[in-house]
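Here are the chains, one letter per residue:
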Amino acid sequence: MAEEPVAAKKGASFKPILWGFMFTVAMVSFPGLVLLVVVGLVPTFVAFMVDKAPKKYLAFCVAGMNLSGVFPAMIDLWQGANDIKAAVNIITNVFELTVMYAAAAFGWLIYMAIPPVVAALMAVAAQQRIMQLRASQREMINEWGQDIAQGYGGATIETGGKPTDG
Amino acid sequence: MAEATPELDTVAADTDAAPEPPAEAGPEPQGANGDVNGGADDAGENAEPEAALTGDGLVTPLISTNEFTTEVSFPGEPVVINERFEVFPARPLPEMNSPSARAFEAEDRLQPANPVFALVCMPEIPARQNVINSIAGDDLQGIIKLHDAGTVEWASLNRWCQVLILERPLGGRVTDALQSNIEEFQKADIVREVLQQGMEALQYLQIRGHVHRALRPDNLFFRDAEKEDIIFGEFMSAPPGFDQPIAFETPERAMASPGGRGYGDSSDDNYALGATVGFLLQTSSPVAGMNAEQIIHSKITRSSYQTIVGANLLTATLVEPLRGLLEDDAHQRWDFDNYEMWTNGQRVPAAQSSARQRSPRALKFGPYEHTGPRSLAYAMSLRPDTSIKLVRDGTLETWLARGIEDQELADLVTGAIAASKAKEDETRDADSILMTQILLLMDPLSPVQYKGAHFMTDGFGSALATETIRGGNVKDLAEAVAHQLPTKSLELQVGGLAASISDDQLFQELRLHLQRTEPGYGVERCLYVANPNLPCRSPLLGGRYIDHIEDILPALNEAEADADAKQRPYDRHLAAFLGSHFSEDLDGFLDEADSPDDAAAVLTILKMYARIQAVLQLPEMVGLAKWLGGLMGPVIRQYKSRATRRLLEAEVPKLVRIGWLADLLGLMNNTDARLRDASDYADAQNAFREADDEIERIEANSDPNSDAVQRGSKQTAAVISIIIMCILVTMMILTN
């Protein structure tokens with residue numbers, strides 16, 4: 001028992017180091033790609049920081065679309081020189097940058113537009129389910145009488161312990 | 001019809017005369033003066049109603065039955081007994097009436113020349129069914145022949161009555177002949193024949209295992225038109241001794257109420273024959289006009305012979321048998337052997353005169369001065385209120401010890417008083433119990449006399465039946481048994497309790513039944529246990545005369561047509577009758593049938609009746625099945641499933657049409673179906689509860705502003721975004 005917090009503490013302290021190590025390796029191995037991703041995914045980082053929700057749905061929405069916008073540039077870079085210069089060329093290209101950030105904006109738009117629609121759909125589904133359950137309960141009352149609706153609430157006690165014709 | 005009773009004008013000249021005691025009957029009744037005769041007023045109060053009830057001791061008044069009187073004008077169709085004898089309700093035969101039964105003309109279909117008449121018994125008086133069953137169809141020497149018996153619905157009463165088909169005596173009543181203008185020697189011959197043929201008849205009856213107990217002058221007939229063959233009249237329409245005027249009963253049995261005089265034995269018949277002959281033999285009776293107390297007091301103090309037989313005899317040749325037959329000590333009373341010795345001219349040993357306890361100092365109580373404990377006990381029994389003072393102030397103990405000089409009896413009385421004082425806090429009836437015990441100690445032969453109940457131990461059953469039927473004092477009888485007073489009486493008889501163990505067992509059983517008040521127990525159970533031949537008095541039977549358990553369910557089956565369908569075919573009398581008559585122990589059923597739960601009670605009744613139908617192998621009973629099936633609502637409602645209920649409701653009419661209660665019971669009492677129903681109901685309850693919980697949960701979580709919806713919708717947005725990304729990336733990869 002006493003060891004778990006220590007292990008968690010060790011894991012927590014090790015994680016940034018691991019991320020730092022991986023970033024360093026990537027930076028050394030693919031400097032252009034890393035530069036492109038860092039610049040291209042700025043809206044995602046912003047969204048990640050802005051989103052206070054624990055599950056970071058906004059960040060996921062923005063990140064998904066943002067990544068879609070960055071991915072063509074990544075392919076170009078991968079198929080091209082794949083160095084820092086090529087990366088700079090891409091990120092200085094307004095059109096490329098607009099595609100990346102517009103995609104991120106579309107992701108933000110999804111985050112803004114989808115939830116109300118989904119909430120409405122969920123409400124309809126809930127009502128549908130409630131109707132189903134109510135119908136099922138009505139069938140049970142028809143089969144077993146009103147007592148079944150009151151039985152677990154003390155109805156048998158109220159009727160003196162005798163079954164009613166309900 | 002009531003006035004048609006044959007009256008003994010020769011011996012009971014003035015039945016309406018005021019009951020003034022004659023000079024020879026004892027001291028003149030005293031006034032209310034004196035220290036212990038305050039009960040004289042009680043005597044007047046008590047004696048009058050008793051005299052009214054029992055006539056003047058010589059005749060039995062016809063039992064009031066206004067319902068029967070309408071019969072004369074009722075043009076009813078003949079009723080047929082056992083497909084042989086036709087009884088004509090519109091043709092009464094008042095000259096053949098019995099006190100407890102009414103006579104009507106009848107015809108024998110098989111033998112029209114066979115002279116018969118019908119006696120219709122009062123439906124409310126217990127006939128001696130065992131006697132009827134035993135002698136029906138038999139020729140009994142010296143006894144009127146009972147050809148047949150049956151029960152029919154008597155239209156004018158709207159009740160089922162026991163009908164006895166008897167041979168019709170062609171010579172009429174013996175008393176009519178004695179009242180006619182014949183010579184005295186002829187009368188003496190007739191009386192001599194009464195004695196001769198009567199003794200032979202009683203001996204034959206004893207061999208058959210019965211006693212007559214209805215021997216009195218107006219119950220003697222000539223069988224033939226020539227008036228030679230004398231026969232005794234019927235004795236099965238009422239309990240033993242019930243119809244007897246007290247003059248023809250031994251003193252102790254005369255003290256009991258008419259219903260409680262007891263079965264008795266052949267010595268009681270011999271006594272009644274002696275009294276009958278004594279009355280027929282006299283031109284005037286010494287007891288005419290005496291009331292019951294005067295006659296009994298005289299019998300106790302002077303002897304029955306001196307009371308009944310006066311000086312004006314038709315012939316003196318019968319004095320010896322009269323003296324022997326009227327001997328008050330039953331053990332010294334003439335039996336058949338003594339009589340035979342006398343008829344053979346042999347000398348019959350004289351009865352040893354019992355050393356009667358007499359006090360030189362008479363104790364005045366009531367209208368008489370008493371010198372013996374028996375007469376005092378009888379007088380005390382008629383005046384319980386003043387008697388208890390006599391006991392409490394020590395007068396009685398002192399008189400017994402110093403007057404009678406019976407220290408042992410005085411000590412017993414002292415012990416009883418001391419025991420009563422110890423129990424005063426336990427029961428309110430301590431005084432009455434004490435009085436009963438003291439009366440029994442003073443006169444062990446006397447009946448149990450507790451409050452208003454006066455009965456011989458062998459007459460408890462008929463006493464209870466009589467009081468129940470007349471709506472009389474059943475409570476006192478029940479209390480007497482509950483206080484074990486009959487056992488006390490049996491203990492004091494010759495031979496003690498050991499000689500009467502079966503009688504005591506009966507009273508102990510009755511006592512146990514009285515301790516319970518549920519249907520099937522209590523007084524009703526005692527009634528049928530003590531009177532196995534009494535018809536069931538349940539109103540549900542619609543007045544039918546049902547005295548066999550085999551007939552109960554068929555009677556209910558018939559009664560269903562007129563019954564209230566909402567009423568259960570079960571009540572206290574039915575329960576008690578079934579409990580006492582069925583060969584198996586029904587107590588478990590009786591207990592459950594009293595359940596406050598309608599379903600349990602009705603189902604138990606069905607179980608019980610199904611069991612009876614099966615055990616007694618009774619036929620199909622559609623009516624009763626319909627009646628019970630209509631009451632199965634609470635049982636059906638015990639099933640929770642509506643579908644099962646509908647199924648049962650559809651099945652019940654089908655089974656009702658079959659008429660087997662066991663089939664109906666099988667449907668209603670299916671344990672597997674009940675368990676399955678209960679299990680399914682529990683499952684359904686859980687499912688309903690879960691659905692309720694889910695609805696509640698959904699309602700709570702379907703609000704657009706709720707966390708769940710917000711979280712779900714945002715999650716959906718994120719998923720959509722990632723899916724789009726995946727699609728686009730895949731397409732880009734594929735296009736490159």
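The written sequence of each chain sets the order in which its residues are numbered from 1. Whichever chain is written first is A, and whichever ligand is written first is 1; the rest continue in order. Given that the model is predicted, a residue must reach a pLDDT of at least 70 before its local features are reported, and side-chain atom pairs must reach 80 or more before they are shown or counted; all residues, however, enter totals for whole chains, interfaces and linings. Heavy atoms throughout the structure, all of them, feed into the side-chain values; hydrogens and water do not.

### Quick word on the overall build of chain A
Where helices and strands are cited, they refer to DSSP runs of H or I of at least four residues and of E of at least two residues respectively, numbered from the N terminus. Secondary structure assignment for chain A yields eight helices and zero strands. In sequence order, the secondary structure elements of chain A are arranged as α-α-α-α-α-α-α-α. Summary of the burial criterion: residues with accessible area below 20% of their type's maximum are buried, those above 50% are exposed, and those between are partly exposed, where the area comes from a 1.4 Å probe applied to protein chains only. Taken across its 166 residues, chain A has 32% of its residues classed as buried. For chain A, the computed accessible surface area is about 10200 Å², with 72% contributed by carbon and sulfur atoms. Computed with a 1.4 Å probe, the accessible areas rest on the Shrake-Rupley method; for each residue, only the protein chains presented here act as cover.

### Brief notes about unusual backbone geometry
All names here are of chain B. Residue Glu 83 is not a glycine yet carries a positive backbone phi of 60 degrees. Relative to the helices and strands, Glu 83 is located in the loop between β1 (79-81) and β2 (85-92). Glu 83 gets classed as exposed once you look at its relative accessible area, which sits at 72%. A positive phi angle, close to 60 degrees, is found at Arg 213, a residue other than glycine. When its relative accessible area of 3% is taken as the criterion, Arg 213 is described as buried.

### Observations concerning the pairing of strand β4 (residues 116-121) of chain B
The two faces of a sheet get side chains in turn, since along a regular strand they alternate between them. Residues and elements named next belong to chain B. Of all six residues that make up β4, six are buried, and the element is covered over most of its length. Neither face of β4 is open: one carries Val 116, Ala 118 and Val 120, the other Phe 117, Leu 119 and Cys 121, and all of them are buried. Sheet topology note: the strand β3 (residues 101-108)/β4 ladder contains five bridges and is antiparallel. Note that in β4 the partner of Glu 105 across the bridge is Phe 117. Two strands make a pair as long as DSSP finds a minimum of two bridges between them.

### Side note on the interface of chain A and chain B
In what follows, a contact means two residues having at least one pair of non-hydrogen atoms within 4.5 Å. Taken together, the contact between chain A and chain B spans 42 residues of the former and 43 residues of the latter. Two parts placed together each lose some accessible area under a 1.4 Å probe, and the buried area is that loss summed for both. Across the chain A to chain B interface the summed buried area is about 3900 Å²; carbon plus sulfur atoms make up 69%. Here a salt bridge means any side-chain nitrogen of Lys or Arg lying within 4 Å of a carboxyl oxygen belonging to Asp or Glu. Taken together, the connections running from chain A to chain B amount to two salt bridges. Between A:Arg134 and B:Glu699 there is a salt bridge whose closest N-O contact spans 3.7 Å. Under this definition, polar contacts are N or O atom pairs within 3.5 Å; protein pairs additionally need one hydrogen-donor-capable and one acceptor-capable atom, and for neighbouring residues in sequence, both atoms have to be side-chain atoms. Between the two partners, chain A and chain B, sit seven residue pairs in polar contact (both at pLDDT 80 or more). Where the side of chain A that touches chain B is concerned, the elements lending two or more residues are α4 (57-79), α6 (94-144) and α7 (147-150) of chain A.

### Comments concerning a negative patch on the surface
Note that patches include only residues with greater than 30% relative accessible area and no salt bridge, and the join distances are 9 Å for like charges and 5 Å for nonpolar side chains (Val, Leu, Ile, Met, Phe, Trp, Tyr). Positive charges come from Lys and Arg alone, negative charges from Asp and Glu alone, with His and the N- and C-terminal ends not counted. Charged side chains are reduced to one point each, which is NZ for Lys, CZ for Arg, CG for Asp and CD for Glu. A cluster of acidic residues, B:Glu193, B:Glu200, B:Glu226 and B:Glu228, forms a negative patch on the protein surface. In this fold, B:Glu228 is placed in the loop between β7 (220-222) and β8 (230-232).

### Digging into empty space enclosed by the protein
Put simply, the grid is 1 Å and covers the protein atoms alone, a cavity is a trapped set of points that fit a 1.4 Å probe, a pocket is an open set with protein on both sides within 12 Å along at least five of seven lines, and lining residues have an atom within 4 Å of a point. Grid points are joined across faces, edges and corners, and a volume is the space filled by probe spheres set on the points. Under the definition given, this model contains four cavities of 30 Å³ or more. One number sums up the size of the largest cavity: a volume of about 60 Å³. By the convention adopted, Pro, Cys, Tyr, Trp, Phe, Met, Ile, Leu, Val and Ala count as nonpolar, Lys, Arg, Asp and Glu as charged, and the other residues, Gly among them, as polar. Of the residues in the lining of the largest cavity, the class split is seven nonpolar, three polar and five charged.

### Digging into the packing of aromatic side chains
Aromatic ring pairs are defined here through the distance separating the ring centres and the angle between the ring planes. Note on aromatic contacts: the rings of Phe and Tyr and the six-membered ring of Trp form a pair at centre separations within 6.5 Å, being stacked when their planes are under 30 degrees apart, edge-to-face when over 60 apart, and tilted otherwise. Summed over the entire model, instances satisfying the criterion amount to nine aromatic pairs over all chains. Ring geometry for B:Tyr528 against B:Phe577: centres 5.3 Å apart, planes inclined by 80 degrees, an arrangement best described as edge-to-face. Taken together, the residues span a long stretch of sequence, with B:Tyr528 in helix α21 (residues 522-530) and B:Phe577 in helix α23 (residues 572-581) at a distance of 49 residues. Summarising the burial analysis for this pair, B:Tyr528 and B:Phe577 share the class buried. A ring is considered to have a charge above it if a Lys NZ or an Arg CZ atom is located within 6 Å of its centre and within 35 degrees of its normal. The ring of A:Phe48 has A:Lys56 sitting right over it, with the charged end atom 5.1 Å from the ring centre. Here the basic side chain of B:Arg516 rests over the ring of B:Tyr521, its NZ or CZ set 4.0 Å away from the ring centre.

### Description of the pairing of strand β6 (residues 159-167) of chain B
Residue and element names in this part refer to chain B. Most of β6 sits inside the fold, with seven of its nine residues counted as buried. Examined bridge by bridge, β4 and β6 share five bridges and lie antiparallel to one another. Paired with Ala 118 across the strands is Ile 165, a residue of β6. The pairing of strand β5 (residues 146-154) with β6 spans eight bridges and is antiparallel. By the bridge assignment for β6, Asp 148 is matched with Ile 165. Between the antiparallel neighbours β5 and β6 lie four residues, among them Asn 158 with a positive phi of about 55 degrees.

### A closer look at helix α7 (residues 266-280) of chain B
End to end, α7(B) covers 21 Å across 15 residues, agreeing with the expected 21 Å (1.5 Å per residue, within 8%). The element α7(B) is extensively covered by neighbouring structure, given that 15 of its 15 residues are classed as buried. Here a helix's expected span is defined as the number of its residues, less one, multiplied by 1.5 Å.

### Some details on the pattern of salt bridges
All names here are of chain B. A full pass over the atoms with the stated rule returns 33 salt bridges over all chains. The residue Asp 229 makes a salt bridge to Arg 223 at a minimum N-O spacing of 3.6 Å. According to the relative accessible area criterion, Asp 229 is partly exposed, its value standing at 27%. For the salt bridge of Arg 392 with Glu 424, the shortest nitrogen-to-oxygen distance reads 3.4 Å. A residue pair is termed long-range when its members are at least 10 positions apart, and Arg 392 in helix α13 (residues 384-392) and Glu 424 in the loop between α15 (407-422) and α16 (430-442) qualify at 32 residues. Residues joined by salt bridges that share partners form a network here, namely Asp 429, Lys 451, Lys 475 and Glu 479.

### A word on the state of the cysteines
All names here are of chain B. Disulfide assignment relies on a single distance test, namely cysteine sulfur atoms paired within 2.5 Å. Counted by the stated rule, this structure contains zero disulfides over all chains. Free of any disulfide, Cys 121 has its nearest cysteine sulfur in Cys 161, 8.2 Å distant. Note on Cys 121: relative accessible area 1%, which makes it buried.

### Comments concerning the sheet that holds β4(B)
Residues and elements named next belong to chain B. The sheet built from six strands is open, its strands ordered β1-β2-β3-β4-β6-β5 with antiparallel pairing. Both outer strands of the open sheet, β1 and β5, are each paired with one neighbouring strand and no more. For this sheet the average axis-to-axis angle between neighbouring strands, irrespective of direction, equals 35 degrees. Note that β2 and β3 share four bridges and pair antiparallel. Across the sheet, Val 87 pairs through a bridge with Ala 106, a residue of β3. Where helices are involved, their axes are fitted lines through C-alpha atoms of the stretch in contact, as for all axes, and angles between N-to-C directions lie from 0 to 180°.

### Structural notes on helix α22 (residues 552-559) of chain B
All names here are of chain B. Along α22, the residues classified as buried are Ile 552, Leu 553, Ala 555, Leu 556 and Ala 559. Viewed along the axis of α22, the buried residues span an arc of 160 degrees, placing them on a single side of the element. Along its buried surface, α22 packs onto α23, α25 (598-615) and α26 (622-630). Taking the helix axis as origin, the arc is that swept by the directions to the C-beta atoms.

### Remarks on the side chain of B:Glu524
Residues and elements named next belong to chain B. Its location among the elements puts Glu 524 in helix α21. Judged by its relative accessible area of 17%, Glu 524 falls in the buried class. Reaching out from Glu 524, the side chain makes a polar contact with the side chain of Arg 572 at a distance of 3.2 Å. Dropping the residues within four chain positions of it, Glu 524 is found in contact with Arg 572, His 573 and Ala 576.

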